[in-house]
Structure formats: C-alpha cells, structure tokens
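Per-entry structural report
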Amino acid sequence: MKIAVFDSGIGGMSVLYRIIKLLPNEDYIYYADTAHLPYGEKSKDELKKYIFQAADFLMAHDLKALVIACNTATSAAIEDLREYCPFPVLGVEPAVKPAVLESEKENKKVLVLATRLTLKEEKFHQLVERVDKHDIVDGLPLPGLVTLAEAFHFQEDQVVPYLKEQLKPFDPNQYGTVVLGCTHFPFFKDSIQKLFPEKTDIIDGSVGTAKNLKRILEERHQIGGGTGAVSFYQSGRKVEDRETLNRYHQLLKRLDHLQ
Ligand code: DGL
C-alpha cells in the first residue's frame, strides 16, 4: 500500500520531504495537478472538481492515506474528501496558532503568506478568529511565488524584487513570525528571511502534518513495508521523462539544503 501526496504542482514536495524524513520505509505517489495550476487563483467550485478527479485517480492505487499537501486545496475540499475516501485524508493549513503564541510574547505581529483563495476562505477566517485575540494577524497573497516556483526560478535576483514590491505596505520590523501558508513558499525561505529581521521566525505547517500522518499510521498498525520510493504523476499521467524526474529529485535535495 502507498501514501499519496497531492498538490497543484511542485509545492507539496516541501511536505513530502518532511514526511519521508519521518517515514522513510513507505512507498509514495506524488501527484501534481499541473494541468490546472494555479489553484490559488481559481474558484472553490472549480477546484473541487479538479481535486475530486485526482482523488478518483488516486483511489485506484491501494492507498494507506492521502495527504493534501496544498493549503488551498485543504481549505476548499478537505471535509468533503474525508467523507468520500475510505482511508485517512490529511491536510495542511497555515500555522497561525503557534505563530500567534510566539509573536504575542514579544509584542510582535504575524504575517501569513498564502494564496488568494486560502486567505479568502471561511476556514482561514475561522482559524484566525479562534486564535488571534489581539488582532495581530495580517495576510498577503503571493501568487507570483507559485509562478516562479513552477518555472524553477529560485534565484534571489528573480525572487527578491517581486517580494520587495509586494511587501512595500508592510513594516518588516513589526513581525515576529512569518507563516508560509502555501506549500510552494518554503523553496523561497532564504529570500523571504532576508527581507525580515534575523530574529523573525519563518514557519510552515508541514511538520505537524507529517507527525499526524505517522501517528495515524501507527494507530492503524500500517507503518512500514515500503522502500521510500516515489512515483510521480502529473494530472493523471505517470511522469517518465528523465529531465522532469531529475528536476523533481533535485527539488527534494534543495529542501535538504534549506533545513
Ligand atoms: N501549493 C498550493 C498551496 O499550498 C497552492 C499553489 C497554487 O496556487 O496552485 O496553497
């Protein structure tokens, strides 16, 4: 049996990376819905259609669990997916709670970087309402980072000018924590960190998801039995060309470098 990790594109690899670290003896399917990128700029109803197409495809692969390694897809469809799938379905959401707890202590604010859809969705507003008692959470959509990541443009000279422009209305010194609320963003952690004071924390929610997955598999006595192999799919088609596979493996290595 396999674990499937799903995203609109390469972003979910930042989650897959953490999961493999914690669960090395599993077999993985990584599914990128590249035909329908970017998710963050689409309507919730349109997204649900794409996400369920992918879920139907993945269901034929004898899964232990499905990880929705996309904040946008999680906010659009996680509850419906949990009802639909006969195996555990895990999601990722912006790590707002730990960010608020930490930043409050220092009288600082929290900046959540995510997609437009994630920031607009009810799920995000409810989360903020629950934990942000002193109104310290701000949000900023950064669709340009999704475009840059999908083009494999990670160099600072391409990324920093875009970030500087988007961050103009914000004073970096006010923020104790920056939350990476889109799984494409950890690839840019170095560049983002450069635009904030050194002691500003840059965090994401993928560690929590990986730990939850481990706990659930343990409870179900389903840990292990695999080799750590990953098969890659793009919108229902197995990726077999060497160049794309090499790029994917390089990306996972790049995350190693960022830790
Ligand atoms: N990686 C996705 C997320 O975590 C969204 C990227 C997109 O807009 O497709 O929200």
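The present account deals with the structure reproduced in this document. (Residues numbered from 1 in each chain as written. Predicted model: local features only at pLDDT ≥ 70, side-chain atom pairs only at ≥ 80, totals over all residues. Heavy atoms only, no water.)

Details of the overall build of the protein
To keep it simple, the criterion reads: Segments assigned H or I by DSSP are reported as helices when at least four residues long, segments assigned E as strands when at least two residues long, and all are numbered from the N terminus. All radius of gyration figures rest on C-alpha atoms, and the globule criterion is 2.2 Å times the number of residues raised to 0.38. Three exposure classes are used, based on accessible area relative to the maximum for each residue type with a 1.4 Å probe and protein chains only: buried under 20%, partly exposed in between, and exposed over 50%. Residue contacts are counted whenever heavy atoms from the two residues lie within 4.5 Å of one another. In this charge count, Lys and Arg are treated as positive and Asp and Glu as negative; neither His nor the chain ends contribute. For the purpose of locating charges, the reference atoms are NZ of Lys, CZ of Arg, CG of Asp and CD of Glu.
In terms of regular secondary structure, the protein is built from 11 helices and 10 strands. The C-alpha atoms of the protein give 18 Å as radius of gyration, which agrees with the globular expectation for 259 residues (18 Å, within 12%). In terms of overall dimensions, the protein has C-alpha extents of about 50 × 40 × 35 Å along its principal axes. Taken over 259 residues, the protein has a buried fraction of 54%. For the protein, contacts bridging at least 24 residues in sequence account for 77% of all contacts bridging at least 6. Where the 33 positive side-chain charges of the protein centre and where its 37 negative ones centre are 2 Å apart.

Here's the deal with the layout of surface pockets
Rules: Both site types are read off a 1 Å grid over the protein atoms alone. A 1.4 Å probe that fits but cannot get out defines a cavity, while an open set with protein on both sides within 12 Å along at least five of seven lines defines a pocket; lining residues have an atom within 4 Å of a point. Grid points are joined across faces, edges and corners, and a volume is the space filled by probe spheres set on the points. Classes in brief: Ala, Val, Leu, Ile, Met, Phe, Trp, Tyr, Cys and Pro nonpolar; Asp, Glu, Lys and Arg charged; the others, Gly included, polar.
Put simply, the largest pocket is a space of about 430 Å³. For the lining of the largest pocket, the elements supplying multiple residues, two or more each, are α3 (71-84), β4 (89-90), α4 (96-105), α6 (122-131) and α10 (206-219). When its volume is computed, the second largest pocket comes out at roughly 170 Å³. Taken together, 14 residues make up the lining of the second largest pocket; nearest its centre are S75, E79, E122, K123 and Q126. When contributions to the lining of the second largest pocket are tallied by element, the ones reaching two or more residues are α2 (44-59), α3 and α6. Across the lining of the second largest pocket, the residue classes break down as 3 nonpolar, 2 polar and 9 charged.

Structural notes on the sheet that holds strand β2 (residues 27-32)
The pairing of strands in a sheet comes from backbone hydrogen bonds and takes either a parallel or an antiparallel form. Rules: Pairing between strands is defined by DSSP: at least two bridges between them are needed. Only the stretch in contact is used when a helix axis is fitted, and all axes are lines through C-alpha atoms; the angle between N-to-C directions ranges over 0 to 180 degrees.
What the 6 strands build is an open sheet, ordered β4-β3-β1-β2-β9-β10; its pairing is mixed. Two strands bound the open sheet, and with one partner strand each, they are β4 and β10 (237-238). Packing of α2 onto the sheet brings it into contact with β1 (2-7), β2, β3 (63-68) and β9 (230-234), and relative to β2 it is tilted by some 150°.

A word on the packing of α2 against α3
Selection criterion: Oblique is the label for every angle not falling under 35 degrees (roughly parallel), over 145 degrees (roughly antiparallel), or within 65 to 115 degrees (roughly perpendicular). Whether a crossing is left-handed or right-handed is set by the direction in which the near helix is turned from the far one by less than a right angle, anticlockwise for left-handed and clockwise for right-handed.
The interhelical angle for the contact between α2 and α3, taken along N-to-C directions, is 50°, at an axis separation of 10 Å. The angle between the axes of α2 and α3 places the two elements in the oblique class. The interaxial crossing formed by α2 with α3 has right-handed handedness. Contacts between α2 and α3 pair K44, L47, K48, I51, F52, A55, D56 and M59 from the former with T72, A73, S75, A76, A77, D80, L81 and Y84 from the latter. For the contact of α2 with α3, the class distribution of residues is 10 nonpolar, 2 polar and 4 charged.

Looking at the site of the ligand
Defined as follows: Residue proximity to a molecule or strand is established when one non-hydrogen atom of the residue lies within 4 Å of it. What qualifies as a polar contact is a pair of N or O atoms within 3.5 Å, subject to a donor-acceptor requirement within protein and to the restriction that residues adjacent in sequence count only when both atoms come from side chains. Each accessible area is a Shrake-Rupley result for a 1.4 Å probe, and residues are judged covered by the shown protein chains and nothing else.
Neighbouring the ligand are 14 residues; S8, Y39, G40, T72 and H184 lie closest to it. S8 places a side-chain nitrogen or oxygen 2.7 Å from an oxygen atom of the ligand. When the ligand sits alone it has 300 Å² of accessible area, and the protein chains cover 99% of it. When grouped by side-chain class, the residues that make up the shell around the ligand number 6 nonpolar, 7 polar and 1 charged.

Remarks on the pairing of β9
Of all 5 residues in β9, 5 are buried, a share of seventy percent or more. Across 5 bridges, β2 lies against β9 in parallel orientation. Bridge assignment links Y28 to a residue of β9, and that residue is V230. As judged from the 2 bridges shared by β9 and β10, these two strands associate in the antiparallel manner.

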